2 protein chains.
Amino acid sequence: MRVVANFLDSLRKVRLKLSTEKLVNSNQTPNSSAATGNERKWLQKSSIGIDHTEVPQNTPAGSDQMWHNIKRVLLMCGGERQAGGFEDAERPKDSSGLVDVLEAQRFVSQVFSAMQVPKQAASEMADALIAADYMGQRSMGIHRLPSIAADLLNCTVAGDATPGIVSEKKAIALVDGHNAPGPVVANFCMDLALQKAREVGIGWVSARSSNCIGFASWYACQALEQRMIGLCMTNAAPTLVPAGGIEPILGENPIACAASGVHEQFVADFGMAACSVDELELSYCNGWSKEVPKLVALDRNGKETTSTEEALRAQRIRAFQPEYKGFGLAAAVDILCGVMTGARYANQIQRRGVYSTENAPANLGQVYVAIDPMRFCPSFEDRLADFHRLLRQAMPSKVGKPPMVPGDKELQHMKMVDEQGGLTMSPCTLSVLDELATEFDIEPLKMKANKPINQ
Amino acid sequence: MRVVANFLDSLRKVRLKLSTEKLVNSNQTPNSSAATGNERKWLQKSSIGIDHTEVPQNTPAGSDQMWHNIKRVLLMCGGERQAGGFEDAERPKDSSGLVDVLEAQRFVSQVFSAMQVPKQAASEMADALIAADYMGQRSMGIHRLPSIAADLLNCTVAGDATPGIVSEKKAIALVDGHNAPGPVVANFCMDLALQKAREVGIGWVSARSSNCIGFASWYACQALEQRMIGLCMTNAAPTLVPAGGIEPILGENPIACAASGVHEQFVADFGMAACSVDELELSYCNGWSKEVPKLVALDRNGKETTSTEEALRAQRIRAFQPEYKGFGLAAAVDILCGVMTGARYANQIQRRGVYSTENAPANLGQVYVAIDPMRFCPSFEDRLADFHRLLRQAMPSKVGKPPMVPGDKELQHMKMVDEQGGLTMSPCTLSVLDELATEFDIEPLKMKANKPINQ
C-alpha cells in the first residue's frame with residue numbers, strides 16, 4: 001500500500017514554501033462508477049485505435065506503419081479529423097482551457113478505472129501524469145494519455161498486476177514489476193527504497209518487467225517528504241543514435257535527482273537526448289513549431305533534419321552535445337537499469353502504446369535510490385539552503401536576472417498553476433479527453449471559467 | 001592497506017582482453033633514496049614556485065595574480081624560460097619522447113617520495129597520474145605534476161596523512177580524508193565501498209576533507225577486477241558558470257562509471273564542462289591550439305571568447321549543451337559530494353597547487369559506489385557483452401566505421417601505448433620532469449630509443 005496517500009499533499013510537499021496560498025481541499029475521491037467491458041469496442045472505433053492489420057512483427061523505428069499510427073494521434077484534433085480541432089463551440093478555436101488540478105486527477109483516474117485498472121493503481125497513474133503537467137513537463141503529462149490507454153487496451157500493460165520483490169538484502173532489492181503500469185512499479189520501488197534508507201541509510205531498488213514511468217522527477221521527489229535524497233533512472237525505447245551512427249540504439253534514459261532542505265529544494269531531471277521525442281510530439285500536435293534546432297534530429301536516411309515531421313517519422317534523435325557524453329550517460333543508465341536487472345536493454349526495447357506494432361510487454365528496467373543525508377551530515381538541510389544561496393548570488397550576465405537553480409523552473413510553474421487556478425490544457429489535449437469521456441461514459445472534465453494569466 | 005598492490009596488474013585488468021601481448025615485468029620497486037628537506041628551497045628557486053607576495057587572500061578566479069602563476073607553469077618550456085623549450089640537445093625540438101609505463105611510475109613515485117610522502121602513498125599518487133596518461137586522458141596525467149608538487153610543498157595537502165572512517169553502517173560510510181592526497185583518500189574509500197558491496201551487495205562511501213583525485217575513472221575501474229560496477233563522483237574548484245551567469249560557481253564535477261563483462265568493459269567519465277580547463281591548459285602549454293570552440297568559454301568581462309589564453313585567464317567555462325543539463329548535473333554531484341558530506345561546495349572551493357593563493361586545505365567531497373551486479377542478475381557479464389554487441393552493430397553513418405562504445409577510446413589508447421612501447425610525453429612535460437629530477441636529485445627519467453608509431 002502506498003505511503004503517499006494524498007496526491008495534493010505530496011504535490012504541496014514538493015512545492016514546499018515558495019507559494020504561500022492555500023490550495024483546494026483534496027478530500028474528493030475518484031468516482032470509479034464508469035464503464036466496464038467496452039474497451040475493445042473503443043479501441044476499434046476510436047481514431048486513437050491502432051491499425052494492426054498487415055504489420056510486420058518487428059517494424060523498425062521510422063517505419064511508415066509506425067508513422068501512420070503516430071500521426072493518427074498527433075493530428076487527431078488538427079489534422080485527419082477536422083481542421084482546427086474539436087467540436088465544442090463554447091471553446092474558442094485558439095484558446096487553451098483551464099482545469100483544476102484535482103479535477104484533472106479525478107478525470108484521468110476514472111479513465112484508467114474504466115479500463116479495468118484497480119482504483120488505487122488508476123489513481124497512482126493519474127498522479128504521475130498530473131504531477132508532470134503541474135510541474136511544467138507537459139510532454140510527460142496528460143498528453144500521453146492516448147498512448148497509455150492504447151497500452152492498457154492492447155493488454156501490453158497489465159493494469160491489475162502488482163509488483164513483487166524477487167530478492168532482498170538490507171540495502172538492496174530486486175523487484176519484478178510483473179508488467180504492472182510504470183507508476184505502480186515506480187511507487188512500489190520508491191517506497192521500498194525509502195524504507196531501506198530509513199533503516200540502513202541507503203536503499204537501492206532495481207526493477208525489471210516494468211513499463212514507462214513518465215516523469216522520473218515525480219518519483220525522486222517522493223523522497224522529499226521523508227527528508228531524503230531521491231534518485232530515479234529508467235531505460236526506454238531507442239530513439240538515440242550513437243555519434244557516427246544513424247540507427248537509434250538507446251533510449252533517452254533519464255536520471256532524476258531530488259533533494260530538499262529547510263527552505264530550498266533541488267529537483268533535476270535529465271534525459272540524454274538533445275531534445276526528447278515526447279517534446280517534439282507535443283510541439284507537433286499543437287502546431288507550436290515546425291522546426292527542430294540543428295544537431296538534434298536525423299531523417300529516415302540518416303541525414304540531419306530540422307523538420308519536426310521528418311524527425312518524428314524517423315525517430316532518430318542525437319544525444320546532447322558533446323554527443324559522446326550524452327550517449328555515454330544513456331549507456332551507463334541502461335547498464336544499471338536494463339543489463340543489471342534482467343530487463344530488456346538497448347534496441348531490444350520497442351515503443352509501446354500508439355507507437356507499438358509488437359504485443360510483448362515492454363520489460364523496462366529501472367533504478368530507484370533513496371539516501372538519508374542526515375546519516376552523513378546532520379546539518380544537510382541548512383547547507384543545502386546555503387548552496388542555493390551561493391548559486392543564486394552568482395553574478396548574472398543581465399542585471400536583475402539571477403541565474404536559475406535546478407528546480408526553480410518547476411516551482412515557478414507550480415506557483416503559476418496555483419495562481420491561475422488550474423492547469424492549462426491545449427485544444428488538442430481537450431479534444432482527446434472529450435473523446436475518452438464519451439467512449440467510457442465518464443463525467444466530462446469540468447473546465448474553469450477564468451482564462452489563464454500567464455499563457 | 002591497499003588491495004590493489006600491483007599497478008601494472010590493475011592496469012592489465014582494466015585493459016582486459018583487447019590486447020594479447022605480454023607486458024613488462026613489474027617487480028621494480030620505487031627507490032625513495034632521494035632528497036629530504038630541500039622542498040622549500042626548490043619552491044623558492046624553481047620557476048614552478050608560486051609567487052605569494054602581496055596576494056589578497058581570496059583572489060577571485062580570473063585574477064591577474066592567478067594568471068601570473070598559471071602562466072609560469074604553462075609557458076615554462078615554450079614561453080618565459082626559453083623559446084622552443086628545454087635544453088637537452090639530444091632530443092629534437094619538435095619531437096615527443098617515449099617513456100616506459102613502469103619507468104614513468106617509478107619516476108613520479110620518487111618525486112613524491114622526495115617531498116616526504118610515504119612510499120605507499122607516493123606510489124598510489126603516481127599510479128593515478130600514469131593511469132590517466134596510459135588511458136589517454138593526458139590532461140589528468142603527468143601534466144598535473146607541477147601543480148600537485150606545489151600543493152605538497154605549500155603543505156596545503158598533507159602528504160603523510162591517512163584517511164579515517166567517521167561513521168559506518170553495513171552499506172554506507174563517511175570517511176574523513178584528513179587532507180591526505182586525493183588518490184590516497186580515493187583508494188581508501190573505493191576499497192571500503194568494494195568490501196561493503198562484497199558483504200551486502202552495495203557500498204556507498206562519502207568522503208570529506210579530500211583533495212583533487214585527478215582521473216575519476218581510475219577509481220571506478222578498480223571495481224572491475226572484483227567483477228563489480230564502480231561509480232565515482234567528486235566536486236571541484238569552480239570553473240562552470242550557470243546559464244545566464246558570468247561567475248564560475250561550480251566545478252566540472254565528473255561522474256565516472258565502470259562495468260566489466262566477460263569480454264567487454266564499459267568505462268565512462270563525464271565532466272560537466274563543455275571543455276575542461278585542464279584540457280585547455282594542456283593544449284595551451286603544448287601549443288596545440290590557440291582557439292576554443294564557440295559556446296565553451298567566457299572572458300574576464302563575461303563575454304564569449306574563442307581565445308584559449310583569454311579562457312584560461314578568466315577560468316569561466318560553460319557547462320555542456322543544453323547548459324541547464326550540464327550545470328544541473330554538476331549541481332547534483334556537488335549536493336551528493338559536498339553538501340551531504342560536510343566538505344566545501346560550490347564557490348567555497350578554491351583551486352590549489354600552482355593556481356592557489358590561499359593556504360587552507362581544499363576540503364573536497366567525493367562519493368564512491370560499488371555494486372555487485374551478480375546480486376541482481378547472475379548473467380550480468382554475458383548480458384553486458386550482448387549490450388556491447390548491440391551498440392557496435394548500430395548502422396554507422398560511414399560504411400566501415402562502426403560507432404564507438406564508451407571505453408573503446410581508452411582501450412585503444414592503452415593498446416597503442418603497449419604497441420609503441422611506452423607513453424608519449426610532450427617536450428613541455430619532459431622539461432618539467434627534467435627540472436624535478438635535478439632539484440630532488442632523482443635518477444632522471446629513462447627515455448626509450450624508439451620513436452612513437454602512431455603519434
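Since we're looking at a predicted model, the values are computed, not measured.

Asks: I'd like to hear about the relation of the copies chain B and chain A, residue by residue, with values.
Replies: Overlaying chain B with chain A gives an RMSD of 0.0 Å, the required rotation being 180 degrees about an axis along which the chain moves by 0.0 Å. Accordingly, the operation relating the two chain copies is best matched by a two-fold axis. The position closest to the rotation axis in chain B is occupied by the C-alpha of B:Gln321, lying 2.7 Å away.

Asks: Describe helix α14 (residues 427–440) of chain B, with residues and values.
Replies: Along an α-helix, a turn takes 3.6 residues, which lines up residues three or four apart on a common side. Residue and element names in this part refer to chain B. Along its 14 residues, α14 runs 20 Å from first to last C-alpha, staying within 8% of the 20 Å computed at 1.5 Å per residue. Across the 14 residues that make up α14, a large majority, 12, are buried. Those residues of α14 not exposed but buried are Pro427, Cys428, Thr429, Leu430, Ser431, Val432, Leu433, Glu435, Leu436, Ala437, Glu439 and Phe440. Positive backbone phi, approximately 55 degrees, marks Asp441, located one or two places after α14.

Asks: Run through the packing of aromatic side chains, naming residues and quoting values.
Replies: Applying the stated criterion across every chain, the model contains three aromatic pairs over all chains. Between the aromatic rings of A:Phe320 and B:Phe320, the centroid separation amounts to 4.6 Å while the plane-to-plane angle is 5 degrees, which identifies the pairing as stacked. Taken as a pair, A:Phe320 in the loop between β11 (316–318) and α11 (323–339) and B:Phe320 in the loop between β11 (316–318) and α11 (323–339) lie in two separate chains rather than in one. Taking the relative accessible area as the measure of exposure, A:Phe320 reaches 1% and is therefore buried. Summarising the aromatic geometry, the rings of A:Tyr345 and B:Phe387 are spaced 5.9 Å apart at their centres and angled 75 degrees between planes, so their arrangement reads as edge-to-face. Separated into two different chains, A:Tyr345 in the loop between α11 and β12 (364–371) and B:Phe387 in helix α12 (residues 380–393) make up a pair that spans both. As far as burial versus exposure is concerned, A:Tyr345 and B:Phe387 are alike and both buried. Over the face of the ring belonging to B:Tyr324 we find A:Lys409, whose NZ or CZ atom lies 5.9 Å from the ring centre.

Asks: Which residues make up the confidence of the model for chain A, and what values do they have?
Replies: When pLDDT is averaged along chain A, the result is 82, and 77% of the positions lie at 70 or above. Here residues 76–95 of chain A is modelled with pLDDT under 50, and outside its nearest four sequence neighbours on either side it reaches 35 contacts, counting other chains as well.

Asks: Please provide a residue-by-residue account of empty space enclosed by the protein, values included.
Replies: Taken as a whole, this structure holds seven cavities of 30 Å³ or more when the rule is applied. Within this model, the largest cavity holds a volume of roughly 340 Å³. As for the largest cavity, its lining consists of 24 residues, of which A:Met233, A:Ile255, B:Leu231, B:Met233 and B:Ile255 are closest to the centre. Looking at the lining of the largest cavity, the elements with two or more residues in it are β5 (229–234), β7 (255–260) and α11 of chain A together with β5 (229–234), β7 (255–260), β8 (265–270) and α11 of chain B. Counted by class, the lining of the largest cavity contains 24 nonpolar, no polar and no charged residues.

Asks: Break down the environment of A:Lys409 for me, with residues and values.
Replies: Residues and elements named next belong to chain A. Positionally, Lys409 belongs in helix α13 (residues 408–420). Judged by its relative accessible area of 56%, Lys409 falls in the exposed class. Each C-alpha atom of the pair Lys409 and Gly136 lies 7.9 Å from the other, and the pair is 273 residues apart in sequence.

Asks: Residue-level account of the pattern of salt bridges, with values.
Replies: What the rule picks out here adds up to 30 salt bridges over all chains. One salt bridge connects A:Lys196 with A:Glu168, and the closest N-O pair in it is separated by 3.0 Å. Placement of A:Lys196 in helix α7 (residues 182–200) and of A:Glu168 in strand β2 (residues 164–168) is noted, with a sequence separation of 28 residues between them. For the salt bridge of B:Arg392 with B:Asp408, the shortest nitrogen-to-oxygen distance reads 2.5 Å. Separated by 16 residues along the polypeptide, B:Arg392 in helix α12 and B:Asp408 in helix α13 (residues 408–420) bring together distant segments of the chain. Taking relative accessible area as the criterion, B:Arg392 reaches 29% and is therefore assigned partly exposed. When salt bridges that share partners are traced, they join A:Glu103, A:Arg106, A:Glu443 and A:Lys446 into one network.

Conventions we followed
- Residues numbered from 1 in each chain as written.
- Chains lettered and ligands numbered in written order.
- Predicted model: local features only at pLDDT ≥ 70, side-chain atom pairs only at ≥ 80, totals over all residues.
- Heavy atoms only, no water.
- Least-squares fit on C-alpha atoms with pLDDT ≥ 70 in both.
- Helix = DSSP H or I, 4+ residues; strand = E, 2+ residues; numbered from the N terminus.
- Expected span 1.5 Å × (residues − 1).
- Buried < 20%, exposed > 50% of the residue type's maximum accessible area, 1.4 Å probe, protein only.
- Phe/Tyr/Trp six-rings, centres within 6.5 Å; stacked < 30°, edge-to-face > 60°.
- Lys NZ or Arg CZ within 6 Å of the ring centre and 35° of its normal.
- pLDDT = per-residue confidence, 0-100.
- Contact = heavy atoms within 4.5 Å.
- 1 Å grid on protein atoms, 1.4 Å probe; cavity = no way out; pocket = protein on both sides within 12 Å on 5 of 7 lines; lining within 4 Å.
- Points joined across faces, edges and corners; volume = space filled by probe spheres on them.
- Nonpolar A, V, L, I, M, F, W, Y, C, P; charged D, E, K, R; others polar.
- Salt bridge = Lys/Arg side-chain N within 4 Å of Asp/Glu carboxyl O.

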